[in-house]
Amino acid sequence: MIRHYKDLTPSDKARFLNRTKWEIENIYNVPWSEMERKTQAFLDAAYDDNLLPKMSPDDLIDVGFCRKEFKTKPEMIDFLIWQVRFVAHSDYVDVPDDEE
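Residues numbered from 1 in each chain as written. Predicted model: local features only at pLDDT ≥ 70, side-chain atom pairs only at ≥ 80, totals over all residues. Heavy atoms only, no water.

### Let's talk about a nonpolar patch on the surface
- A contiguous nonpolar patch, built from I61, F65, F86 and V87 and spanning about 400 Å² of accessible area, is present on the exposed surface.
- Among the elements of the structure, helix 3 (57–69) and helix 4 (76–88) are those that each provide at least two residues to the nonpolar patch.
- Here F86 is to be found in helix 4.
- Among the residues examined, F86 registers a relative accessible area of 37% and is labelled partly exposed. (Patch = residues over 30% accessible without salt bridge, like charges linked within 9 Å, V, L, I, M, F, W, Y side chains within 5 Å. Areas by Shrake-Rupley, 256 points an atom, 1.4 Å probe, with all protein chains shown as cover. Salt bridge = Lys/Arg side-chain N within 4 Å of Asp/Glu carboxyl O. Helix = DSSP H or I, 4+ residues; strand = E, 2+ residues; numbered from the N terminus. Buried < 20%, exposed > 50% of the residue type's maximum accessible area, 1.4 Å probe, protein only.)

### Brief notes about the environment of F42
- Counting through the fold element by element, F42 comes out in helix 2 (residues 32–46).
- A relative accessible area of 13% means that F42 is categorised as buried.
- Along the primary structure F42 and N29 are separated by 13 residues, whereas in three dimensions their C-alpha atoms are 20 Å apart.

### Description of the nonpolar core
- Core analysis: the biggest nonpolar cluster contains 12 residues, these being F42, L43, A45, A46, Y47, L52, M55, V63, C66, F70, F79 and W82.
- When residues of this core are traced back to their parent elements, those giving at least two are helix 2, helix 3 and helix 4.
- Looking at this core, the element that brings in the most residues is helix 2, giving 4 residues.
- Sequence-distant contacts of M55, that is, excluding residues within four places in its chain, are made with F42, A45, A46, L60 and V63.
- The next biggest cluster of nonpolar side chains, apart from the first, holds 10 residues, and it includes L8, W32, I77 and I81. (Core = buried A, V, L, I, M, F, W, Y, C linked by side-chain atoms within 4.5 Å. Contact = heavy atoms within 4.5 Å.)

### Topic: the packing of aromatic side chains
- Within the structure shown, the criterion is met by 5 aromatic pairs.
- A centroid spacing of 6.1 Å and a plane angle of 75° characterise the contact between F70 and W82, whose relative ring orientation is edge-to-face. Highlighted residues: F70 in the loop between helix 3 and helix 4 and W82 in helix 4, separated in sequence by 12 residues. Each member of the pair F70 and W82 is classed as buried.
- Each residue in the set F42, F65, F70, F79, W82 and F86 is aromatic and connected to the rest through ring pairs, giving one cluster.
- The ring of Y5 is capped by R85, whose NZ or CZ atom sits 3.5 Å from the centre of that ring. (Phe/Tyr/Trp six-rings, centres within 6.5 Å; stacked < 30°, edge-to-face > 60°. Lys NZ or Arg CZ within 6 Å of the ring centre and 35° of its normal.)

Structure below.
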């Protein structure tokens, strides 16, 4: 189902995360634990004034967009939803139905 990101319930976010984990592991052949670690490291550095200057120039571009959207460090699920929205240029997110 397609939903506006502001209308997502905790259950919607959980289903979105489960599908994201499945796609990362089964389509991109990357262990979720590795992707989760890298994503969390990015978020930690993006919102830490001591780590921020040590980030790569490409990451700093992404940090600028991220910090424009989130004034404080977001939860990982909210960051993942934002990434999908950013790439799609849309405020709508595809969330799997309960039975999927």
